[in-house]
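Given next are the chains, with one letter for each unit.
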There are 2 protein chains.
Amino acid sequence: MTFDFAIGANLRKSPYFDATLRAGVKSFSVYNHMLIPAHFGDPDAEYQRLMTGVAMWDVAAQRQVEISGPDAARLVQYITPRNLDGTRVGQGRYVPICDHDGWLINDPVLLKLADDRFWLSVADSDLHLWCQAIAREKGWKARVSEPDVAPLAIQGPLAADVTAALFGDWVRELQYFGFRETNLDGIPLVLARSGWSKQGGYELYLTDGRHGSALWDKVAAAGAAFGIGPGAPNDIERVESGLISYGSDMRWQVIPADPFEMGIGALVDLDRADDYVGREALREKSARGLQRRRTGFWVEGRPTSPGHPVPVHLDGVAVGVVSELVFSPRLGRSIALGLLRADLGDETAGLCLDLPEGRVGLRPTPLPFKP
Amino acid sequence: MTFDFAIGANLRKSPYFDATLRAGVKSFSVYNHMLIPAHFGDPDAEYQRLMTGVAMWDVAAQRQVEISGPDAARLVQYITPRNLDGTRVGQGRYVPICDHDGWLINDPVLLKLADDRFWLSVADSDLHLWCQAIAREKGWKARVSEPDVAPLAIQGPLAADVTAALFGDWVRELQYFGFRETNLDGIPLVLARSGWSKQGGYELYLTDGRHGSALWDKVAAAGAAFGIGPGAPNDIERVESGLISYGSDMRWQVIPADPFEMGIGALVDLDRADDYVGREALREKSARGLQRRRTGFWVEGRPTSPGHPVPVHLDGVAVGVVSELVFSPRLGRSIALGLLRADLGDETAGLCLDLPEGRVGLRPTPLPFKP
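Residues numbered from 1 in each chain as written. Chains lettered and ligands numbered in written order. Predicted model: local features only at pLDDT ≥ 70, side-chain atom pairs only at ≥ 80, totals over all residues.

> I keep staring at the domain arrangement of chain A and nothing clicks. Help me out?
One frequently used descriptor of interface size is the decrease in accessible area upon assembly of the parts. Residue and element names in this part refer to chain A. Taken domain by domain, chain A holds domain 1 (17-63 + 149-238) and domain 2 (291-371). A straight line from the C-alpha centre of domain 1 to that of domain 2 covers 31 Å. Each partner contributes to the interface: domain 1 provides four residues, whereas domain 2 provides five residues. Of all the secondary structure elements, the ones that give two or more residues to the side of domain 1 that touches domain 2 are α2 (43-52) and α7 (235-241). Counted by class, the side of domain 1 that touches domain 2 contains three nonpolar, no polar and one charged residues. (Domains from an automatic or database assignment. Contact = placed C-beta atoms within 7 Å. Helix = DSSP H or I, 4+ residues; strand = E, 2+ residues; numbered from the N terminus. Nonpolar A, V, L, I, M, F, W, Y, C, P; charged D, E, K, R; others polar.)

> Please explain the pairing of strand β2 (residues 27-31) of chain B as it appears in this structure.
Within a regular strand, the side chains alternate between the two sheet faces. Among the five residues in β2 of chain B, four count as buried, and that is most of the element. Examined bridge by bridge, strand β1 (residues 4-5) of chain A and β2 of chain B share two bridges and lie parallel to one another. Paired with Phe5 of chain A across the bridge in β2 of chain B is Phe28 of chain B. Here β2 of chain B folds back onto strand β3 (residues 34-39) of chain B, and the loop between the two strands holds two residues, one of which, Asn32 of chain B, carries a positive phi near 50°. (Buried ≥ 20, exposed ≤ 12 C-beta atoms within 10 Å, placed from the backbone. Pairing = 2+ DSSP bridges.)

> Is there a simple way to explain the sheet that holds strand β12 (residues 150-155) of chain A in this structure?
Across a sheet, strands are paired by hydrogen bonds formed along the backbone, either parallel or antiparallel in direction. Residues and elements named next belong to chain A. If you walk across this open sheet you meet the six strands as β13-β14-β15-β12-β4-β16, and the pairing is mixed. Either end of the sheet is taken by a strand with one partner, and the two such strands are β13 (179-184) and β16 (229-231). Each strand of the sheet is rotated relative to its neighbour by a mean of 30°, with strand direction disregarded. Both strand β4 (residues 55-58) and β12 contribute to a ladder of four bridges, which runs antiparallel. Bridged to Trp57 within β12 is Ala153. Where α2 meets the sheet, its contacts fall on β4, β12 and β16, and the angle it forms with β16 comes to roughly 110°. (Axes fitted to C-alpha atoms, helices over the stretch in contact; angles between N-to-C directions.)

> So what exactly am I meant to see when it comes to the relation of the copies chain B and chain A here?
Superposition of the two copies of the chain requires a rotation about an axis and a shift along the axis. With an RMSD of 0.0 Å, chain B superimposes on chain A once it is rotated by 180° and translated 0.0 Å along the axis. Given the turn and translation reported, the copies of this chain are related as if by a two-fold rotation axis. Comparing contact sets, 100% of the residues at the interface of chain B also lie at the interface in chain A, consistent with an isologous, same-surface contact. (Least-squares fit on C-alpha atoms with pLDDT ≥ 70 in both.)

> How do you make sense of the interface of chain B and chain A when you look at a structure like this?
Taken together, the 46 residues of chain B in the interface contact 46 residues of chain A. Listed by contribution, the elements that provide at least two residues to the side of chain B that touches chain A are β1 (4-5), β2, β3, α4 (127-138) and β19 (317-328) of chain B. Taken together, the residues of the side of chain B that touches chain A break down into 17 nonpolar, 17 polar and 12 charged.

> In this structure, what is going on with the confidence of the model for chain A? I would like to understand it.
One rule of thumb: low pLDDT means the predicted coordinates there are not for detailed reading. The share of residues in chain A with pLDDT of 70 or more is 100%, and the mean pLDDT across the chain is 97. Across the whole predicted complex the pTM is 0.97, and at the interface the ipTM reaches 0.97. (pLDDT = per-residue confidence, 0-100.)

> What am I meant to see in the pairing of strand β15 (residues 201-206) of chain B here?
With respect to burial, β15 of chain B is a largely interior element, six of its six residues being buried. Burial of β15 of chain B is two-sided: the residues Gly201, Glu203 and Tyr205 of chain B facing one way and the residues Tyr202, Leu204 and Leu206 of chain B facing the other way are all buried.

> What is the right way to look at helix α5 (residues 159-167) of chain B in this model?
An α-helical turn contains 3.6 residues, so a residue and the one three or four places further along point in the same direction. All names here are of chain B. Of all the positions in α5, only Ala159, Val162, Thr163, Leu166 and Phe167 are classed as buried. End-on, the buried residues of α5 take up no more than an arc of 110°, which puts them together on one face. For α5, the secondary structure elements touched by its buried residues are β12 (150-155), β13 (179-184), β14 (187-192), β15 and α6 (212-223). Taken from the residues just after α5, Gly168 is the one with a positive phi, measuring 110°. (Arc of directions from axis to C-beta.)

> What's the story with the packing of helix α4 (residues 127-138) of chain A against α4 of chain B in this structure? I'm lost.
A pair of packed helices is captured by two measures, namely the crossing angle of their axes and the spacing between those axes. Between α4 of chain A and α4 of chain B, the shortest axis-to-axis distance is 8 Å and the interhelical angle comes to 25°. On the basis of their axis angle, the class for α4 of chain A and α4 of chain B is roughly parallel. Handedness of the α4 of chain A/α4 of chain B crossing: right-handed. On the side of α4 of chain A, the interface is formed by Leu129, Trp130, Ala133, Ile134, Glu137 and Lys138 of chain A, while α4 of chain B contributes Leu129, Trp130, Ala133, Ile134, Glu137 and Lys138 of chain B. Class assignment of the residues belonging to the contact of α4 of chain A with α4 of chain B gives a composition of eight nonpolar, no polar and four charged. (Parallel < 35°, antiparallel > 145°, perpendicular 65-115°, else oblique. Left-handed = near helix turned anticlockwise from the far one by under 90°.)

Set out below in structure tokens:
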């Protein structure tokens, strides 16, 4: 089903909006109250470009929550169960954020810009409101803001070539999640080795939105020799790779889930000496043991993606949920991501999903999917 | 410009989604991470129905943040500058919510369901995260949740007739923002005299999403004799009426604004004996005097709605912002909402807006617009 998109005044436009119009964007979605391109008219070619070449994506909707000031480091450490000891300036880290009950409310990448200045590159929830409430109720000297920062992603096996052509070969030496403040012909940005795919790449965090079109054009020009083309964060690739999507795989209001269930429990430091949000709840969850586990599913047939969570049944009992279902060109079959009762192993037979086209069978399989 | 809409897995569907498909929805937008119908193919007829007849709207995206427990009343009073003394069970109140710096972060209607149970019927931001952070950092016994509640609005001059046909004539006696828990042939709901238009009407807060299609069909059937038809919150009518839209007219990240600037300063009680979020900041703002004021604008010509905020200029200097611009059928001319430097009165000449089709002149005028 396709529908017109009503670009309401409550939806923000990215600094790359005009450039994506010129590039022929055909479909939008919404993320963090901002329009984000969904595809440019040929989803199959866009997937192939990501898997075998190089793609450029407007991911300005991945907003930055900036935390700065004398108590910034203290606040950042307090809001995540991950132990940030030893994090250096220029280093990024994936940080689950849990509420006081231990439920995930976002899973940003943290960028340490200075000892007293951080960005949280956030998934689809208003994390700034929560951070700000905590900082102010604690009485800490930490300012929470959303700066003028708009990431443009270069993703795919040839991303390093394009990025090196733009910035020089030093970009090849950047560690994963490493970043550096730099500029491109005077356009200020933070260059990070990161991106929401497993095909490798970089994100250019533009720090002055007036240069959106200019930056887009420079990347397109440098990438032309490598066959670069426009695209968008790719649902098929992310399901194949097992990447977590806050808002899709879990959301506080829809599918509450904790870091253990989501398979990122190793990032939770239950033994930290300092207090942090959700510590007691996470200790209790850990002590109680895993009730559900994140898993991939092989899906029978080639059903249409339902576009919303669907319960997984076993003998008429709900035992889990499928959060996203796609057909994988690489694997030649339908696959899904979801949560399953933890006592049910990969050999479990009889799992099924009721879809508009009928009942289909499911079989659990570890992530990422293997042919 | 129209684009396809990509219904991503991170966007929730309303309990009325299937019913709106049947009713021929043609365009969606997104609000509170949920799809919301934008129109059903004939925006002019939908506007006329609201102004002269009766319309039904899926406004499930107007989510409820429920606050319950022994400290619920204390929390609710702490998070708004409005004095809630004397609020009775069954009464709703419009409550600006400001952050600790006095900036608006939402402007819900508060429904007092019991002395220890409230709903905040929220505009487009994740207010639950902020409420929850405050409750837990305070150590108060107040639970914050998002219950299974989905409003369906009946709006327009004939809304009372339709609603009375469904529930009985008692609905005509309800005060504005008054509500009652009831049911329709066993479908549980809260019936409120409210809605996001100035044409009058009701909202049916369905409290069990499984009955979405059934409730929609009952309203459509009872409304048939009155010419009811599907529609959506109407941008043109709301601009004509001067209704505030958080997310469009102001948003913490885009157009920060305080209650005084937005013309709802009368709801701020600076003299309350109890502490509340933002009290000191609001006192300072009040003492400093108004810097900007909310106003309507008559707009020269008939320019296309830009779909994003545009600065207002006077002699080359930015002196305000237009947040939404529409052509008003009722007034036969283009109108806009926005903020203007407070020292500039309605007689100010030379205000202008630079739009893609060129420069257009503006003249301030009080809200709501008068012919």
